[in-house]
Amino acid sequence: MQRTLSILKPDVTRRNLTGAVNGRIESAGLRIIAQRRIHLSLEQAQQFYAVHQERSFFNDLCTFMSSGPVVVQVLQGENAVEQYRKIMGATNPANADEGTIRRDFAESIEANSVHGSDSFENAGIEIAFFFSQMDIVG
Ligand code: CMP
């Protein structure tokens, strides 16, 4: 059993697609064992995405992520990190496989509907950014 951090981005909440995306997650065998809807401040988005701070898209990314509500989640399942990345699809929806969340829902590489941790190690760090142990009911 593994855990990963998921964020449903502002393009999902704006279009009322939280349930639709959660359906994809649960159909893939992942369990949502913690979930909270929040509105990130610009500073919180900058802190969360600090690893990307040298990238050209950093400012736009953080502005977008703080532009509306997001849903932060902990997902649990076998191989959860890799399994979630598989059903999310490629970062750029234009390159995402058919049937993936980003292919079916994303608007652009920036408004790409979902974030998922990219490694087991980062999953631990990202989960701890948003959740305490008491919030997580596995
Ligand atoms: P995410 O998995 O949340 O991690 C960083 C995000 O930066 C990524 O998804 C994209 O939404 C966003 N982003 C915007 N522009 C780019 C780009 N050119 N390359 C990679 N990621 C980008």
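Before reading further, recall that the structure is shown in the block above.
Residues numbered from 1 in each chain as written. Predicted model: local features only at pLDDT ≥ 70, side-chain atom pairs only at ≥ 80, totals over all residues. Heavy atoms only, no water.

Caption draft 1: Region of interest: the pairing of strand β3 (residues 70–77). Of all eight residues making up β3, eight are buried, and the element is well covered by its neighbours. Judged by which residues are buried, β3 turns out to be covered on both faces: Val 70, Val 72, Val 74 and Gln 76 on one side and Val 71, Gln 73, Leu 75 and Gly 77 on the other are all buried. Here strand β1 (residues 2–8) runs beside β3; their pairing, made up of seven bridges, is antiparallel. When the sheet's bridge partners are listed, Arg 3 is paired in β3 with Gln 76. (Buried < 20%, exposed > 50% of the residue type's maximum accessible area, 1.4 Å probe, protein only. Helix = DSSP H or I, 4+ residues; strand = E, 2+ residues; numbered from the N terminus. Pairing = 2+ DSSP bridges.)

Caption draft 2: Layout of the environment of His 39. By secondary structure assignment, the location of His 39 is in the loop between β2 (31–38) and α3 (42–48). Ignoring anything within four residues of it in the chain, the contact list for His 39 reads Gln 44, Ser 66, Ser 67, Gly 68 and Pro 69. Of note is the side chain of His 39, whose polar atom sits 2.9 Å from the backbone oxygen of Ser 66. (Contact = heavy atoms within 4.5 Å. Polar contact = N/O pair within 3.5 Å; in protein donor to acceptor, adjacent residues only side chain to side chain.)

Caption draft 3: Structural context of the environment of Leu 8. Relative to the helices and strands, Leu 8 resides in strand β1. With 14 residues separating them in the primary sequence, Leu 8 and Asn 22 have C-alpha atoms 9.1 Å apart. Leu 8 has contacts with Thr 18, Val 21, Asn 22, Ile 25, Val 70, Val 71, Gln 73, Tyr 84, Ser 113 and Val 114, leaving out every residue within four places of it along the chain.

Caption draft 4: Quick look at the site of the ligand. Close to the ligand lie Lys 9, Tyr 49, His 52, Phe 57, Leu 61, Thr 91, Arg 102, Ile 109, Glu 110, Asn 112 and His 115. Within the side chain of His 115, a nitrogen or oxygen atom sits 3.1 Å from an oxygen atom of the ligand. Across the complex, the protein chains shield 79% of the 450 Å² of accessible surface that the ligand would expose by itself. If you map the ligand onto the pockets, it falls in the largest pocket. (Near = heavy atom within 4 Å. Areas by Shrake-Rupley, 256 points an atom, 1.4 Å probe, with all protein chains shown as cover. 1 Å grid on protein atoms, 1.4 Å probe; cavity = no way out; pocket = protein on both sides within 12 Å on 5 of 7 lines; lining within 4 Å. Sits in = over half its atoms within 2 Å of the grid points.)

Caption draft 5: Representation of the pattern of salt bridges within the structure. Inspection of every chain in the model, using the stated rule, returns five salt bridges. Two residues, Arg 24 and Asp 104, come together in a salt bridge whose shortest N-O distance is 2.9 Å. Of the two residues, Arg 24 is situated in helix α2 (residues 18–27) and Asp 104 in helix α6 (residues 101–105); the sequence distance between them amounts to 80 residues. With relative accessibility at 27%, the residue Arg 24 sits in the partly exposed group. Counted as one network, the salt bridges with shared partners bring together Asp 11, Arg 14, Arg 15 and Glu 107. (Salt bridge = Lys/Arg side-chain N within 4 Å of Asp/Glu carboxyl O.)

Caption draft 6: How the structure looks around the nonpolar core. Of all hydrophobic cores here, the largest spans 21 residues; its most connected members are Ile 7, Met 65, Phe 130 and Phe 131. When contributions to this core are tallied by element, the ones reaching two or more residues are β1, β2, α3, α4 (58–65), β3 and α7 (120–130). It is α4 that contributes the most residues to this core, five residues altogether. When residues no more than four places from it in sequence are discounted, the contact partners of Met 65 are Ile 7, Lys 9, Pro 10, Leu 40, Ala 45, Tyr 49 and Val 70. Residues Leu 8, Leu 30, Leu 75 and Val 114 belong to the second largest nonpolar core, which totals 15 residues. (Core = buried A, V, L, I, M, F, W, Y, C linked by side-chain atoms within 4.5 Å.)

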